[in-house]
Amino acid sequence: ADKLNEKAKNLMKNMSYTVSSNLIMLIVSTLIIFVLPKILGVEEYGYWQLYMFYSTYVGLSQLGWNDGIYLRYGGTQYNNLDKKLFFSQFIMLSSSQIVLGILIWIYTVFFIADLNRDFIIIMVSISMVILNTRVMLLYILQATNRIKDYALIILIDRLVFILLVLIFLLAGVKDFKVIIYADLIGKFFSLIYSMV
């Protein structure tokens, strides 16, 4: 009975972490959707949306690598994981994403004439490297039931992002590029935290 109660408590804790992080993400998204278009204007907000649209597809570039890790190690205890194996997987995934990001960057510089689209695609390639690397770490945390750590990483991402956006907007900066920088900085800080 004690073991069952402990499992129920862990389940409730994990659910509360997940619900609270998703609630904060919902609030951030709602603020961005309702406030940014009024402040940035139609064209600038359109470029932000284009960046967000392209960013939704960056997960395809890891070709199921992270999904395979999640499926293979789901239910394993975190302390039982082979850290050397995961370190080498992390290095290989990061390297593959960096190479692909550089190739996208080179293609963009030579074949896309519109400077705003050029900027967006280059930023998406940076986002691809950060996100796909971070997703590997997030999947490991999910697979080993470290939901609190998972939720905290997502929270760091969105809180840094919204804080930077508010600072930029209060400073009078109305440029979609700055909002993209804020997004990348939030993702980068959460990647560093997840690596630690």
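1. Regarding the environment of Leu100
Next, step 1: Considering the arrangement of structural elements, one finds Leu100 in helix α4 (residues 83-111).
Next, step 2: Taking relative accessible area as the criterion, Leu100 reaches 29% and is therefore assigned partly exposed.
Next, step 3: Sequence-wise, Leu100 and Ser61 are 39 residues apart; in three dimensions their C-alpha atoms are separated by 8.1 Å.
Next, step 4: With residues near it in sequence (within four places) discarded, Leu100 still touches Ser61 and Met128.

2. Quick word on the packing of helix α5 (residues 115-143) against helix α6 (residues 147-170)
Next, step 1: Orientation of α5 relative to α6, taken along the N-to-C sense of each, is 150 degrees, at an axis distance of 7 Å. By the angle class used here, α5 and α6 are roughly antiparallel. Between α5 and α6 lies a crossing of left-handed hand. The segment α5 lies against α6, with Arg134, Leu138, Leu141 and Gln142 engaging Ile147, Asp149, Tyr150, Ile153, Ile154 and Asp157.
Next, step 2: Along the lines of polarity and charge, the residues of the contact of α5 with α6 split into six nonpolar, one polar and three charged.

Basis of the calculations
- Residues numbered from 1 in each chain as written.
- Predicted model: local features only at pLDDT ≥ 70, side-chain atom pairs only at ≥ 80, totals over all residues.
- Heavy atoms only, no water.
- Helix = DSSP H or I, 4+ residues; strand = E, 2+ residues; numbered from the N terminus.
- Buried < 20%, exposed > 50% of the residue type's maximum accessible area, 1.4 Å probe, protein only.
- Contact = heavy atoms within 4.5 Å.
- Axes fitted to C-alpha atoms, helices over the stretch in contact; angles between N-to-C directions.
- Parallel < 35°, antiparallel > 145°, perpendicular 65-115°, else oblique.
- Left-handed = near helix turned anticlockwise from the far one by under 90°.
- Nonpolar A, V, L, I, M, F, W, Y, C, P; charged D, E, K, R; others polar.

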